[in-house]
Amino acid sequence: MTIQAKLLCAIVASGVAALVAAAPAQALTSQECSAKYQAAKKDGSLGTMKWNDFRKAQCGADATPAAAPTAAAPAAPAAPAEPKQAKKEAAPAAAPAPSLPAGPAIYPNAIDPKYAKETAGKARLHTCVDQYNANKTTNGNGGMKWIEKGGGYYSECNKKLKGAA
């Protein structure tokens, strides 16, 4: 190569490097940040940090995504779209697991006395969430989610507690 060709290559290489360095850094997507959070939670490096604190500290403009193979299942090491599909496929397989049939939902009869000092709305909310979580172990939520379109467990529980007061 001639001196001019070497010089031209050096200029082009430094130009490319300058463009890469000057390009705005991209923040991680929610999915990438979640994978990074789950990986940190799994390996114990998370400590007592909560999701919002982790997201602000680790998923900003200068963050690097977690390695896909470590965050994803070994069966799905490819593109980020595949882990979503794997999760969706795994969830229906787990759905038939409960041995108890979904019967009518169990609601509290009155507001729990430990929430007497709170406002009426918060007392109903906390009483309902306590009962909902207790019902999870016995499948007593009647197949309802906490919040659903058209009224979930919370909506129905709140109505019943308002009528009981």
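Look above for the structure.
Since we're looking at a predicted model, the values are computed, not measured. (Residues numbered from 1 in each chain as written. Predicted model: local features only at pLDDT ≥ 70, side-chain atom pairs only at ≥ 80, totals over all residues. Heavy atoms only, no water.)

Colleague: Help me understand the overall build of the chain in this model?
Modeller: The helix and strand inventory of the chain stands at 7 helices and 0 strands. Looking at the chain residue by residue over its 165 residues, the buried ones come to 18%. Residue pairs in contact within the chain that sit at least 24 positions apart in sequence constitute 54% of those at least 6 positions apart. (Helix = DSSP H or I, 4+ residues; strand = E, 2+ residues; numbered from the N terminus. Buried < 20%, exposed > 50% of the residue type's maximum accessible area, 1.4 Å probe, protein only. Contact = heavy atoms within 4.5 Å.)

Colleague: So what exactly am I meant to see when it comes to the state of the cysteines here?
Modeller: What makes a disulfide is a covalent bond joining the sulfur atoms belonging to two cysteines. On inspection of all chains with the given rule, the structure shows 1 disulfide. Two residues, Cys 128 and Cys 157, share a disulfide whose sulfurs are 2.0 Å apart. Sign of the S-S torsion, about -90° for the bond between Cys 128 and Cys 157, identifies this disulfide as left-handed. Of this pair, Cys 128 sits in helix α6 (residues 120-138) while Cys 157 is found in helix α7 (residues 153-164), placing the two residues 29 residues apart along the sequence. With respect to burial, Cys 128 and Cys 157 carry one shared label: buried. (Disulfide = S-S within 2.5 Å.)

Colleague: Would you mind going over the packing of α6 against α7 with me for this structure?
Modeller: A pair of packed helices is captured by two measures, namely the crossing angle of their axes and the spacing between those axes. For the pair α6 and α7, the least separation of the axes is 10 Å and the interaxial angle reads 125°. In terms of their interaxial angle, α6 and α7 are classed as oblique. When the axes of α6 and α7 are compared, the crossing they make is right-handed. Of α7, the residues touching α6 (which contributes Arg 124, Leu 125, Thr 127, Cys 128, Gln 131, Tyr 132 and Asn 135) are Tyr 153, Tyr 154, Cys 157, Asn 158, Leu 161 and Lys 162. Looking at side-chain class alone, the contact of α6 with α7 contains 7 nonpolar, 4 polar and 2 charged residues. (Axes fitted to C-alpha atoms, helices over the stretch in contact; angles between N-to-C directions. Parallel < 35°, antiparallel > 145°, perpendicular 65-115°, else oblique. Left-handed = near helix turned anticlockwise from the far one by under 90°. Nonpolar A, V, L, I, M, F, W, Y, C, P; charged D, E, K, R; others polar.)

Colleague: What is the right way to read the nonpolar core from this model?
Modeller: Counting 7 residues, the largest nonpolar core is built from Ala 105, Tyr 107, Cys 128, Tyr 132, Tyr 153, Cys 157 and Leu 161. Mapped onto this core, the elements with two or more residues apiece are α6 and α7. Looking at this core, the element that brings in the most residues is α7, giving 3 residues. Residues within four places of Cys 157 in sequence aside, it is in contact with Tyr 107, Pro 108 and Cys 128. (Core = buried A, V, L, I, M, F, W, Y, C linked by side-chain atoms within 4.5 Å.)

Colleague: How should I be thinking about the packing of aromatic side chains in this particular structure?
Modeller: Two measures describe an aromatic ring pair: the distance that separates the ring centres and the angle between the ring planes. Using the criterion set out here, one finds 6 aromatic pairs in the structure. Between Tyr 37 and Trp 51 the ring centres are 5.2 Å apart and the planes differ by 85°, which places this aromatic pair in the edge-to-face class. Of this pair, Tyr 37 sits in helix α2 (residues 30-43) while Trp 51 sits in helix α3 (residues 51-58), and the two are 14 residues apart along the sequence. Exposure remark for Tyr 37: the relative accessible area of 12% places this residue in the buried category. The partly exposed category is assigned to Trp 51, whose relative accessible area is 31%. Centroid distance Tyr 132 to Tyr 153: 5.2 Å. Interplanar angle 55°. Geometry classified as tilted. One end of the pair, Tyr 132, is in helix α6; the other, Tyr 153, is in helix α7, and 21 residues separate them in sequence. Residue classification places Tyr 153 among the buried residues on the basis of a relative accessible area of 0%. (Phe/Tyr/Trp six-rings, centres within 6.5 Å; stacked < 30°, edge-to-face > 60°.)

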